[in-house]
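Breakdown of the fold
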Amino acid sequence: VLAQGQHPTATARTTARTTAKQQKHNNLVHPFSRHDPFAKLIFGSIMTTTCTLHCMNFRLAKEWLRTCDEYAKYVQKPFSSVAPSQIWKCHQANWGDAYKEWGVLQFWVGLIVASVIAVVRVSDGKDVIKVATDLSIRVLVAYVLAHFSWFAVVKKKGCFCC
């Protein structure tokens with residue numbers, strides 16, 4: 001229904017602008033497709049459940065620590081569940097396994113980079129004890145980050161803090 005004195009073309013332009021604004025808002029709220037399996041893996045539980053931040057949650061820390069043996073086995077045998085040629089593809093049979101393998105790859109790259117940095121520093125005449133300490137810290141951080149991300153995404157279904 002047109003208001004008195006309102007031109008039909010002006011109404012069509014206003015409706016088109018409103019629709020464009022709604023579409024832009026919808027894209028900002030949820031830019032990923034509902035049918036995208038990777039988005040479901042990463043954002044699935046966050047979008048469907050509430051997430052509470054826990055500070056000093058020892059139960060959650062113990063749960064993470066209990067998975068150290070499991071994750072260490074994955075690190076020792078990279079690409080055991082997804083072949084290196086398959087990990088680059090956008091379609092995976094199991095996104096959890098693919099994410100696990102990416103984390104293992106992240107650890108090994110971190111280990112190699114830390115080792116190269118250590119060799120360069122020792123060859124520059126740096127203190128071997130300091131270099132060894134730095135190397136140990138870098139390898140530990142590489143492992144912890146890979147393990148944390150796997151635990152958060154795969155074990156906790158995308159919500160590590162819950």
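Residues numbered from 1 in each chain as written. Predicted model: local features only at pLDDT ≥ 70, side-chain atom pairs only at ≥ 80, totals over all residues. Heavy atoms only, no water.

Turning next to the pattern of salt bridges. Counting across every chain of the model gives six salt bridges. We note a salt bridge from E101 to K100, for which the minimum N-O separation is 3.8 Å. The same class applies to E101 and to K100, which are both buried. Within this structure, R59, E63 and K156 form a network of salt bridges that share partners. (Salt bridge = Lys/Arg side-chain N within 4 Å of Asp/Glu carboxyl O. Buried < 20%, exposed > 50% of the residue type's maximum accessible area, 1.4 Å probe, protein only.)

Attention shifts here to the packing of helix α4 (residues 68-76) against helix α5 (residues 95-123). Packed helices, taken two at a time, are described by their axes: the angle between them and the distance between them. Two elements in contact, α4 and α5, have axes separated by 9 Å at closest approach and are oriented at 70°. Between α4 and α5, the crossing angle belongs to the class labelled roughly perpendicular. Across from Y71, Y74 and V75 in α4, the residues of α5 making contact are K100, G103, V104, F107 and W108. For the contact of α4 with α5, the per-class residue count stands at six nonpolar, one polar and one charged. (Axes fitted to C-alpha atoms, helices over the stretch in contact; angles between N-to-C directions. Helix = DSSP H or I, 4+ residues; strand = E, 2+ residues; numbered from the N terminus. Parallel < 35°, antiparallel > 145°, perpendicular 65-115°, else oblique. Contact = heavy atoms within 4.5 Å. Nonpolar A, V, L, I, M, F, W, Y, C, P; charged D, E, K, R; others polar.)

Position of T67 relative to the elements: it lies in the loop between α3 (58-65) and α4. Beyond its immediate stretch of four places on either side in the chain, T67 contacts H147, W150, F151 and K155.

Relative to each other, α5 and helix α6 (residues 128-155) sit at 170°, their axes nearing to 9 Å. Compared by their axis directions, α5 and α6 come out roughly antiparallel.

Our focus in this paragraph is a nonpolar patch on the surface. On the surface, I112, V116 and V120 cluster together into a nonpolar patch covering about 260 Å² of accessible area. Tracing the sequence through the fold places I112 in helix α5. Taking relative accessible area as the criterion, I112 reaches 53% and is therefore assigned exposed. (Patch = residues over 30% accessible without salt bridge, like charges linked within 9 Å, V, L, I, M, F, W, Y side chains within 5 Å. Areas by Shrake-Rupley, 256 points an atom, 1.4 Å probe, with all protein chains shown as cover.)

Here we come to unusual backbone geometry. In the Ramachandran plot, F79 falls in the positive-phi region, its phi being about 60° despite a non-glycine side chain. Relative to the helices and strands, F79 is located in the loop between α4 and α5.

So, about the confidence of the model for the protein chain. Overall, the prediction assigns the protein chain a mean pLDDT of 77, with 64% of residues at 70 or greater. Considering only residues more than four positions removed or in separate chains, one finds that residues 24-32, a stretch of pLDDT under 50, has three contacts. (pLDDT = per-residue confidence, 0-100.)

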